[in-house]
Structure formats: structure tokens, C-alpha cells
Amino acid sequence: MVHRDFDPATLTEPLLSLYRAWADKISTMAEQSVRVFEQGGRLPIEDSHNRLWGEFKELLLEHVFHGHCAYCESPLSRQSAHAEHFRPKGKVTSTVISGGGKVAEQQAIVRLPDNTTVPHPGYFWLDLHWRNLLPACEMCNTGRGKRTRFPVARAHAFIVALDDASLTNLKATAIASNKWHQATTLSPEDLDDLEGPLLHPFVDNPEDHIDFDEFGGVLARCDSTGAVSIRGQATIETLDLGAEKLRIERRNAIERALCIFEAGLRYEEMNLIAFNKATANKVNLRMKTEYFIDHPHFKAAVCACLDRSVSRIP
């Protein structure tokens, strides 16, 4: 996973017009879904939103992710790409580890403003939110991948009751409840503060949390104290980024890039240029500028290994 710059507030043409055309179609749908839920009706998610998911998926796939899975960076086509919901739109499950180490999944439970508890019905009001839709491959979105799982650092949020100060300090527009006093469904920006810990390519710098070795293996980074990144670990496990098929594909991409990097170093030596870290940094920068034009797959893994190769040069 690599960071991608996408925020409607900073878009320029032609992407701005494409986004606005899509956003105009969904402007009232989130609030409509909340009202239907509060009245006990059937949410219209699966009935009418498939086409709109597909439109935004294609926009992101072409202009932002450039034909790659938002999570594992595998190449994607329009036909193979899934319109993945970062926060599940329906059922939400959590991974539970028993005392004996057995891993199981159970539906997440949330507390309503009246203090009753219910199975989490999903983040349906974010069904068509730009921050909640990502193009993903089948491996990351189904099977041993993410599916309906959404691990959190604290507790899953749903409709939450807030005091006046908390309502004033919200980062983004929320949808107020008509059923519960001072209760609201939150935007992704405010949910991030309550939940975590999965990494998001629009928000986070995944390289701060996830690392790769020269064999294509993936692991959570450690900070200066030696503590493992919980967010990195949760993302790797939830998306099954350590799958053997993925590891082999990453290894092949890394080997190809390192061969070109070493050839670049030899070229510098042949031209009687000093072989030192400055030279290696120059070749590394040129690689990152030019190499990914023709070899765009698994950029995070390739960059991590290139940087490590440079760090070993005195």
C-alpha cells in the first residue's frame, strides 16, 4: 500500500469535474439511508447503489490508483476490480482470539444512544462517501482478505450521543439523528479518531507502518523504542498481505528493480564517479522517478528495498 493524494477539496481539472458529476448524484443519499434505518425500513444499499459504486471505482482506478489495488498494489482491470468499502456497508465483524489462541470472527456489537446494544448494521451512511470507496482486488476484498472485517483500536462506532462541545469540535459534517437527542452518525474523519486502526491510502503514510524484505515478505515496522506498529500489523493481517502468491509477485518485482539499481551504480563507477552514498542516492532518486513509469507494480515493496540498499552503502 502506498499513499495516494486524493481529496475533493484540492482536486484540479479534469478530475474535479469528474468527481463533481458523480457527487451530484449522491448528495442526499446518506441522510436518506439514516432516516430509513431510524424508521425501521429496509436500507436501499444493494438495490440502487451498485452503478454508483462502479462509476466511482472506475474514476479512482484510472486517475488515482492507475490500475492497481488500493491495498496490495496488484494490477487490476475494470473487470477484475471490486468497489471495496473501507468501512463495511453491511455486516461488521471483528476477529477474536481466545485464551487458547484460537482465532474466530464474530459480529461487532454497538451501543445505541438509548443504551441498548445491537449487532452493528454496517456503516451504511458511508456507503457512497468518497473516503469509504476504494478499488480492490478479489484477494484483498474476499476470501482470506478483508470481507466484512473491520478491526478497531477501541470500540466500533455507530450512532453516537455527543455533548455540545463534542458536536462543535467535529471535523466534518455529520448527520443528526431524528430519533435520539444530540445523537449523530459521524464522518470518516471523526470515526478515525474513535476507531482506527486500519491504514487508509488517502489518509496515512503506510511506509511508516509497513515494511518489506528482499524476499517479498511483509512485516509491521517498529518505532524507535522497538514497539511494533499495531496499525501496520492489523492491516497486514486483515488484508492477508502476507499471502504466498503476493509474496512471490513482490519478490519478482524487487529482484528486477534491484538488478536495475545495481546496473545504475556500475554505470556511475564506469564514468569515474565516486561510489558513495551520495551516488547511490542519486541512482535511487532516478529509479523512483523513471522506473515506475514502466514497472508500476508493488511500489511500496520496491521502494523499501531500494532505500535499504542505499542505507547499507558507507
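Here the structure is shown first, and the text comes after it.
Treat the numbers as computed from the prediction; the structure is a model and nothing was measured.

Another point: the packing of helix H1 (residues 15-25) against helix H4 (residues 50-63). At a minimum axis separation of 11 Å, H1 and H4 run at an interaxial angle of 165 degrees. Classified by the angle between their axes, H1 and H4 sit roughly antiparallel to one another. Considering only the axes of H1 and H4, their crossing is left-handed. The segment H1 lies against H4, with Leu15, Leu18, Tyr19, Trp22 and Lys25 engaging Arg51, Leu52, Glu55, Phe56, Leu59 and His63.

Judged by nonpolar contacts, the single largest core of 87 residues is most densely connected at Phe6, Trp22, Phe56, Tyr71, Trp125 and Leu241. Counting residues per element, this core draws most heavily on helix H11 (residues 299-311), at 8 residues. Once residues within four sequence positions are removed from consideration, Trp125 is found in contact with Ala30, Val34, Phe158, Ile175, Thr185, Leu186 and Leu191.

Looking now at the side chain of His120. Structurally, His120 is set in the loop between strand E5 (117-119) and strand E6 (133-136). According to the relative accessible area criterion, His120 is buried, its value standing at 1%. For His120, the side chain forms a polar contact with the main-chain oxygen of Ala157, separated by 3.0 Å. In contact with His120, not counting residues within four places along its chain, are Gly90, Lys91, Val92, Gln107, Ala108, Ile109, Val110, His156, Ala157 and Phe158.

For the rest of this paragraph, the subject is the sheet that holds strand E8 (residues 175-176). The 3 strands lie next to each other as E7-E9-E8, forming an open sheet whose pairing is antiparallel. The two strands at the open ends of the sheet, each matched to only one other strand, are strand E7 (159-161) and E8. Across 3 bridges, E7 lies against strand E9 (residues 183-185) in antiparallel orientation. What sits directly across from Val160, in E9, is Thr184.

What follows is about empty space enclosed by the protein. A complete count under the given rule lists 1 cavity of 30 Å³ or more for this structure. Quantified by volume, the largest cavity comes out at close to 70 Å³. Of the residues assigned to the lining of the largest cavity, the class counts are 8 nonpolar, no polar and 2 charged.

Turning next to helix H10 (residues 277-294). Between the first and last C-alpha of H10 there are 26 Å, a value that for 18 residues agrees with the 26 Å anticipated at 1.5 Å per step. Among the residues of H10, those classed as buried are Thr279, Ala280, Val283, Asn284, Met287, Tyr291 and Phe292. Close packing links the buried residues of H10 with helix H9 (244-270) and H11. Between the side-chain oxygen at the start of H10 and the backbone nitrogen of Ala278 there is a gap of 3.1 Å, and the oxygen is on Asn276.

Now for unusual backbone geometry. Along the chain, Glu13 connects to Pro14 via a cis peptide bond; the corresponding omega equals 5 degrees. The topology assignment puts Pro14 in the segment before H1. For Asn115, which is not glycine, the phi dihedral falls at a positive 80 degrees. Looking at where Asn115 falls in the secondary structure, it is placed in the loop between strand E4 (109-111) and E5. Here Asn115 falls in the exposed class, since its relative accessible area comes to 52%.

All right, on to the environment of Ala176 then. Inspection of the secondary structure assignment puts Ala176 in strand E8. Ala176 gets classed as partly exposed once you look at its relative accessible area, which sits at 47%. When the C-alpha atoms of Ala176 and Val34 are compared, they prove to be 9.0 Å apart, with 142 residues separating the residues in sequence. If near-sequence neighbours (up to four positions away) are discounted, Ala176 is found in contact with Arg35, Ala183 and Thr184.

Looking now at the packing of aromatic side chains. For the structure shown, the criterion picks out 18 aromatic pairs. Summarising the aromatic geometry, the rings of Phe86 and Phe150 are spaced 5.5 Å apart at their centres and angled 80 degrees between planes, so their arrangement reads as edge-to-face. Taken together, the positions of Phe86 in the loop between strand E1 (82-85) and strand E2 (93-97) and Phe150 in the loop between helix H5 (138-141) and E7 put the pair 64 residues apart, joining distant regions of the chain. Its relative accessible area of 1% is what places Phe150 among the buried residues. Among the aromatic residues, those joined into a ring-pair cluster are Phe6, Tyr19, Trp22, Phe56, Phe65, Trp130 and Phe202. Directly above the ring of Tyr123 sits Arg87, whose terminal nitrogen or CZ lies 5.8 Å from the centroid. A cation sits over an aromatic face here: Lys299 above Phe292, 5.4 Å from the ring centre.

What counts and how
- Residues numbered from 1 in each chain as written.
- Predicted model: local features only at pLDDT ≥ 70, side-chain atom pairs only at ≥ 80, totals over all residues.
- Heavy atoms only, no water.
- Axes fitted to C-alpha atoms, helices over the stretch in contact; angles between N-to-C directions.
- Helix = DSSP H or I, 4+ residues; strand = E, 2+ residues; numbered from the N terminus.
- Parallel < 35°, antiparallel > 145°, perpendicular 65-115°, else oblique.
- Left-handed = near helix turned anticlockwise from the far one by under 90°.
- Contact = heavy atoms within 4.5 Å.
- Core = buried A, V, L, I, M, F, W, Y, C linked by side-chain atoms within 4.5 Å.
- Buried < 20%, exposed > 50% of the residue type's maximum accessible area, 1.4 Å probe, protein only.
- Polar contact = N/O pair within 3.5 Å; in protein donor to acceptor, adjacent residues only side chain to side chain.
- Pairing = 2+ DSSP bridges.
- 1 Å grid on protein atoms, 1.4 Å probe; cavity = no way out; pocket = protein on both sides within 12 Å on 5 of 7 lines; lining within 4 Å.
- Points joined across faces, edges and corners; volume = space filled by probe spheres on them.
- Nonpolar A, V, L, I, M, F, W, Y, C, P; charged D, E, K, R; others polar.
- Expected span 1.5 Å × (residues − 1).
- Phe/Tyr/Trp six-rings, centres within 6.5 Å; stacked < 30°, edge-to-face > 60°.
- Lys NZ or Arg CZ within 6 Å of the ring centre and 35° of its normal.

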